Amino acid sequence: DQQVKQNSPSLSVQEGRISILNCDYTNSMFDYFLWYKKYPAEGPTFLISISSIKDKNEDGRFTVFLNKSAKHLSLHIVPSQPGDSAVYFCAAREGNEKLTFGTGTRLTIIP
Amino acid sequence: KAGVTQTPRYLIKTRGQQVTLSCSPISGHRSVSWYQQTPGQGLQFLFEYFSETQRNKGNFPGRFSGRQFSNSRSEMNVSTLELGDSALYLCASSPWGNYGYTFGSGTRLTVV
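Small disclaimer: the values here were computed from a predicted structure and weren't measured. (Residues numbered from 1 in each chain as written. Chains lettered and ligands numbered in written order. Predicted model: local features only at pLDDT ≥ 70, side-chain atom pairs only at ≥ 80, totals over all residues. Heavy atoms only, no water.)

Description of the overall build of chain A
Helix and strand content of chain A: 0 helices and 11 strands. Counting from the amino terminus, helix and strand elements in chain A follow one another as β-β-β-β-β-β-β-β-β-β-β. For chain A, the C-alpha radius of gyration of 13 Å lies close to 13 Å, the compact-globule estimate for 111 residues. With the principal axes as the frame, chain A shows a C-alpha extent of 40 × 30 × 20 Å. Out of the 111 residues belonging to chain A, those deemed buried represent 45%. In chain A, of all internal contacts separated by at least 6 residues, the share reaching a separation of at least 24 is 53%. Summing over all exposed atoms, chain A offers an accessible surface of approximately 5,300 Å²; the carbon and sulfur share of this is 49%. A distance of 3 Å separates the average location of the 12 positive side-chain charges in chain A from that of its 11 negative side-chain charges. (Helix = DSSP H or I, 4+ residues; strand = E, 2+ residues; numbered from the N terminus. Rg over C-alpha atoms; globule rule 2.2 N^0.38 Å. Buried < 20%, exposed > 50% of the residue type's maximum accessible area, 1.4 Å probe, protein only. Contact = heavy atoms within 4.5 Å. Areas by Shrake-Rupley, 256 points an atom, 1.4 Å probe, with all protein chains shown as cover. Lys, Arg positive; Asp, Glu negative; His and termini not counted. Charge placed at Lys NZ, Arg CZ, Asp CG, Glu CD.)

Printed below as a string of structure tokens:
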């Protein structure tokens, strides 16, 4: 069962515009959420996280929104830059349990 | 400080063989987790070790095993390799196994 879902396998966005990546989860016990970015031939790198007690966390161009009632997480990148082209994974965990990852969304920024 | 180091970077094995992958965590990190990445499946959790003890385990067959040494270095072993085991195997370390995961670059395993 896929407890963390990223329903869009790919997304293309014009440079300078906003990129919105979405993630849905089914486990209401998840209390910590993360976004990772992955370039080819490299391991995922941590981008931003949010605790379930918050609904928004911002770090520079990156903002993560959490809607607990809808069990929905989104990552906003503003403005999008060519270097943002990568695969983005959302992940969630419950307490000290393992990180559960989504299947990833490939973001392509068009110059 | 040095990141998470995985060796080897690339590996080609034939069906039926066994393989051992190695992961050296960031100095001071006591938790090591292993993930399998395949196209369309995202990162699938294999297992997590903390202070030489397996703390969590994913839904993989018993052919997949691992261990952690007293210096926190970890190894993962896959026996009787199948074609479907071809994947990128990623290791992540963290200080306590809750937050702050740092991933290595992975080992690309190809089974032929």
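Observations concerning the interface of chain A and chain B
Each partner contributes residues to the interface: chain A has 18 residues there, and chain B has 19 residues. When the buried surface of chain A facing chain B is broken down by residue, P44(A), K98(A) and F101(A) rank first, second and third, together holding 28% of it. Between chain A and chain B we count 0 salt bridges in total. Here chain A is connected to chain B by 5 residue pairs in polar contact (both at pLDDT 80 or more). For the side of chain A that touches chain B, the leading source of residues is strand β4 (residues 32–38) of chain A, giving 3 residues. Here the residues of the side of chain A that touches chain B are counted per class, giving 8 nonpolar, 5 polar and 5 charged. (Buried area = accessible area lost by both parts, 1.4 Å probe. Salt bridge = Lys/Arg side-chain N within 4 Å of Asp/Glu carboxyl O. Polar contact = N/O pair within 3.5 Å; in protein donor to acceptor, adjacent residues only side chain to side chain. Nonpolar A, V, L, I, M, F, W, Y, C, P; charged D, E, K, R; others polar.)

Description of the state of the cysteines
All names here are of chain A. Evaluated as defined, the whole model comprises 2 disulfides over all chains. Shown here is the disulfide that connects C23 with C90, its sulfur atoms set 1.9 Å apart. Negative torsions about the S-S bond denote left-handed disulfides, and the value of about 65° found for C23 with C90 makes this one right-handed. Taken together, the residues span a long stretch of sequence, with C23 in strand β3 (residues 19–25) and C90 in strand β9 (residues 86–93) at a distance of 67 residues. (Disulfide = S-S within 2.5 Å.)

As for the side chain of N56(B)
Checked against the element boundaries, N56(B) lands in strand β6 (residues 53–57). Within polar-contact distance, the side chain of N56(B) engages the side chain of E48(B) at 2.9 Å. With residues near it in sequence (within four places) discarded, N56(B) still touches N96(A), E97(A), K98(A), F45(B), F47(B) and E48(B).

Examining a nonpolar patch on the surface
Residue and element names in this part refer to chain A. Nonpolar side chains collect at one region of the surface, where I18, I20 and V78 lie side by side and expose about 220 Å² of accessible area between them. For I20, the location among the structural elements is in strand β3. With relative accessibility at 37%, the residue I20 sits in the partly exposed group. (Patch = residues over 30% accessible without salt bridge, like charges linked within 9 Å, V, L, I, M, F, W, Y side chains within 5 Å.)

Some remarks on the pairing of β4(A)
Residues and elements named next belong to chain A. Most of β4 sits inside the fold, with 7 of its 7 residues counted as buried. Burial along β4 is two-sided: Y32, L34, Y36 and K38 and F33, W35 and K37, pointing in opposite directions, are all buried. The pairing of β4 with strand β5 (residues 45–51) spans 6 bridges and is classified as antiparallel. Of the residues in β5, the one forming a bridge with Y36 is F46. Pairing between β4 and β9: 7 bridges, direction antiparallel. Within β9, the position partnered with Y36 by the bridge is F89. (Pairing = 2+ DSSP bridges.)

Observations concerning the sheet that holds strand β8 (residues 74–78) of chain B
Residues and elements named next belong to chain B. Overall, antiparallel pairing links the 4 strands, which are arranged β1-β3-β8-β7 in an open sheet. Looking at which strands have only one partner, the edges of the open sheet turn out to be β1 (5–7) and β7 (64–68). Ignoring which end each strand starts from, the neighbouring axes of this sheet average 15° apart. In terms of strand pairing, β1 meets strand β3 (residues 19–24) through 3 bridges, oriented antiparallel. Looking at β3, one finds that Q6 is bridged to C23. (Axes fitted to C-alpha atoms, helices over the stretch in contact; angles between N-to-C directions.)

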